Amino acid sequence: MTDLATLETNLAARIAVAPDTAALEAVRLDALGKTGAISALLKSLGAMNADERKVQGPAINGLRDRVATAVAQRKTLLEAAELDARLAAGRLDLSLPAPPRRKGAVHPTMQVMDEMIAIFAEMGFALAEGPDIEDDFHNFTALNFPPKHPAREMHDTFFFPPDAEGVRKVLRTHTSPVQVRAMQRTNTPPAAPWIAAGQAPPIRIISPGRTYRCDSDATHTPMFHQIEGLVIDRDIHMGHLKWTLDQFIARFFELEGVVTRFRPHHFPFTEPSAEMDVQCDTSGGEVKIGQGTEWSEIVGCGMVHPNVLRNCGIDPDEWQGFAFGFGVDRLGRLKYGMPDLRDMFASDVRWLAHYGFSAFAAPNPASGLS
Ligand code: DAH
């Protein structure tokens, strides 16, 4: 018994001071491993007579259980301490500066489109879309361009080669064909839930997109962007059109009481037609909207021509409407002062870094929409 007590005292002392799990494992093997002291004692039980075994059996088994428990408890402690040490050593220093990264920027045209869409969305306009490659009917005929009329040529159209039937598709010269698609009930299904399908009146849509004309100078590029607007309802008149555009201009340029004027104009698809100008000052070399004595042309517009309504299956005696078409890139130049329109599509990242916008900014601080 004295031997067992001494053995237990020794093992308990070694367990208590084992500095880490490896040292503890060495103690465990010395005691309980295949050739360990307690294992040897357990083996010796076989050679004892029944009386001896009755006494030694419980004593040795008890010793084994107590040593095993002591090892397990110390192991839990040491493992927790070792985890703490690893966590302390591997702690992240969050005060270190992040490695530099190249930042992208939102193209000014997309920024301006988002701003415009946000303002019109708040006024209750839905988005409508149409294809960039159009047919003659949607781009011209339905919009009341007479066949062979010089008005067709005024758009410097990019034509595709004729197909087997001699029909030439076009790169749409304006976003106005989307009006036709919005009014025709046979429109293809919308590409996304927020895109308006072709519908019966009342209609209130805007249609942003790319447009194309064979033209290139400081204020024209072969590809450019427009936003078309169309409202069809009962008893719609010029007053609604003027109010809508004035509201838009005030929100877009973030100016109260900016002066606009409507000049008579001609478009085949509207009657009467107008161009809206906004007051500006160019004397200092840059365009300042809302001051001075000059005018900058902003948007074409008018009351939808009865022929256009008829071409789309809508009775002009029952429904009227107005329409407008903005040049998005042009509006962006006026608001953000890019000198040459051609630079906008030259894909020069230095230009984009200078004129681009942060992706994290809301499109229009005034609108509250993002
Ligand atoms: N489609 C015209 C253009 O590209 C712009 C335009 C003018 C659109 C008057 C309209 C409108 O809807 O009513 O020059």
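Residues numbered from 1 in each chain as written. Predicted model: local features only at pLDDT ≥ 70, side-chain atom pairs only at ≥ 80, totals over all residues. Heavy atoms only, no water.

1. Here we look at the site of the ligand
Our working rule: It suffices for a single heavy atom of a residue to lie within 4 Å of a molecule or strand for the residue to be listed as near it. In protein, a polar contact requires one atom able to donate a hydrogen and another able to accept it; more generally it is a pair of N or O atoms within 3.5 Å, and residues adjacent in sequence count only if both atoms are side-chain atoms. Values of accessible area rely on a 1.4 Å probe in the Shrake-Rupley scheme; residue burial ignores everything except the protein chains shown. A helix here means a DSSP run of H or I that spans at least four residues, while a strand means a run of E at least two residues long, and both kinds are numbered starting from the N terminus. Classification used: nonpolar for Ala, Val, Leu, Ile, Met, Phe, Trp, Tyr, Cys and Pro, charged for Asp, Glu, Lys and Arg, polar for all others including Gly.
Looking at the ligand, there are 15 residues lining it, with His174, Ser176, Arg213, Gln226 and Glu228 nearest. Between a nitrogen atom of the ligand and a side-chain N or O atom of histidine 174, the distance comes to 2.9 Å. A distance of 2.7 Å separates an oxygen atom of the ligand from a polar side-chain atom of arginine 213. Considering the ligand on its own, with 350 Å² of exposed area, one finds that the protein chains cover 92% of that surface. Of all the elements in the fold, those that place two or more residues in the shell around the ligand are β5 (223–233), β9 (294–304) and β10 (320–327). Partitioning the shell around the ligand into residue classes produces five nonpolar, eight polar and two charged.

2. Some thoughts on helix α2 (residues 21–32)
Stated formally: What a helix is expected to span follows from its residue count: subtract one and scale by 1.5 Å. Only protein chains enter the accessibility calculation, which uses a 1.4 Å probe; a residue whose area is less than 20% of its type maximum is buried, one above 50% is exposed, and one in between is partly exposed. Throughout, the arc means that of the directions going from the helix axis to the C-beta atoms.
Here α2 spans 16 Å end to end across 12 residues, near enough to the 16 Å set by a 1.5 Å rise per residue. Three or more residues of α2 are buried, namely Leu24, Val27 and Ala31. Along the axis of α2, the buried positions cluster into a sector of 60°, meaning they face one direction only.

3. A look at the domain arrangement of the protein chain
Quite often, the size of an interface is put as the accessible area lost when its parts meet. Note the following rule: Throughout, the edges of the domains are those of an automatic or database domain assignment.
Domain parsing of the protein chain yields domain 1 (2–89) and domain 2 (108–355). A straight line from the C-alpha centre of domain 1 to that of domain 2 covers 88 Å.

4. Comments concerning the side chain of histidine 305
Note the cut-off: Residue contacts are counted whenever heavy atoms from the two residues lie within 4.5 Å of one another.
Within the fold, histidine 305 resides in the loop between β9 and α10 (306–311). Polar contacts involving the side chain of histidine 305 include one to the main-chain amide nitrogen of asparagine 307, which spans 3.0 Å. In contact with histidine 305, other than residues within four places in its own chain, are Asn144, Pro268, Phe269, Thr270 and Glu271.

5. Concerning the pairing of β10
Rules: Note: two strands are recorded as paired if DSSP finds a minimum of 2 bridges between them.
With eight bridges joining them, β5 and β10 adopt antiparallel strand pairing. Across the sheet, residue glutamine 226 finds its bridge partner in β10, namely glycine 327. Across five bridges, the pairing between β9 and β10 is antiparallel. In the sheet register, methionine 303 faces β10, and the bridge partner there is phenylalanine 322.

6. A few points about unusual backbone geometry
Between glutamate 271 and proline 272 the backbone carries a cis peptide bond, its omega angle lying at -5°. Take proline 272: it is sitting in strand β7 (residues 270–281). Although it is not a glycine, asparagine 144 adopts a positive phi angle of roughly 75°. The exposure class of asparagine 144 is buried, given its relative accessible area of 19%. Although it is not a glycine, glutamate 254 sits at a positive phi angle of roughly 55°. Note on placement: glutamate 254 falls in the loop between α9 (238–252) and β6 (260–267).

7. Structural notes on the pairing of β9
Along β9, eight of the 11 residues are buried, which leaves the element largely enclosed by surrounding structure. Pairing analysis gives nine bridges linking β7 to β9, with the strands arranged antiparallel. When the sheet's bridge partners are listed, valine 278 is paired in β9 with serine 296.

8. Some details on the environment of leucine 32
As for its position among the elements, leucine 32 is in helix α2. Each C-alpha atom, one on leucine 32 and one on arginine 64, is 7.4 Å from the other, the two residues being 32 residues apart in sequence. Setting aside anything within four residues of it in sequence, one finds leucine 32 in contact with Ile38, Ser39, Arg64, Val67 and Ala68.

9. Here's the deal with the packing of helix α5 (residues 108–122) against α9
Heads up, the rule is: For helices, the fitted line uses only the C-alpha atoms of the stretch in contact; every axis is such a line through C-alpha atoms, and the angle between N-to-C directions lies from 0 to 180 degrees. Working definition: roughly parallel below 35 degrees, roughly antiparallel above 145 degrees, roughly perpendicular at 65 to 115 degrees, and oblique for all remaining angles. For a crossing to be left-handed, the near helix must be turned anticlockwise from the far one by less than a right angle; the clockwise case is right-handed.
The interhelical angle for the contact between α5 and α9, taken along N-to-C directions, is 130°, at an axis separation of 10 Å. The angle between the axes of α5 and α9 places the two elements in the oblique class. At the point where α5 passes α9, the crossing takes the right-handed sense. Of the residues in α9, those touching α5 at Val112, Glu115, Met116, Ile119, Phe120 and Glu122 are Thr244, Phe248, Arg251 and Phe252. Per-class residue counts for the contact of α5 with α9 are six nonpolar, one polar and three charged.

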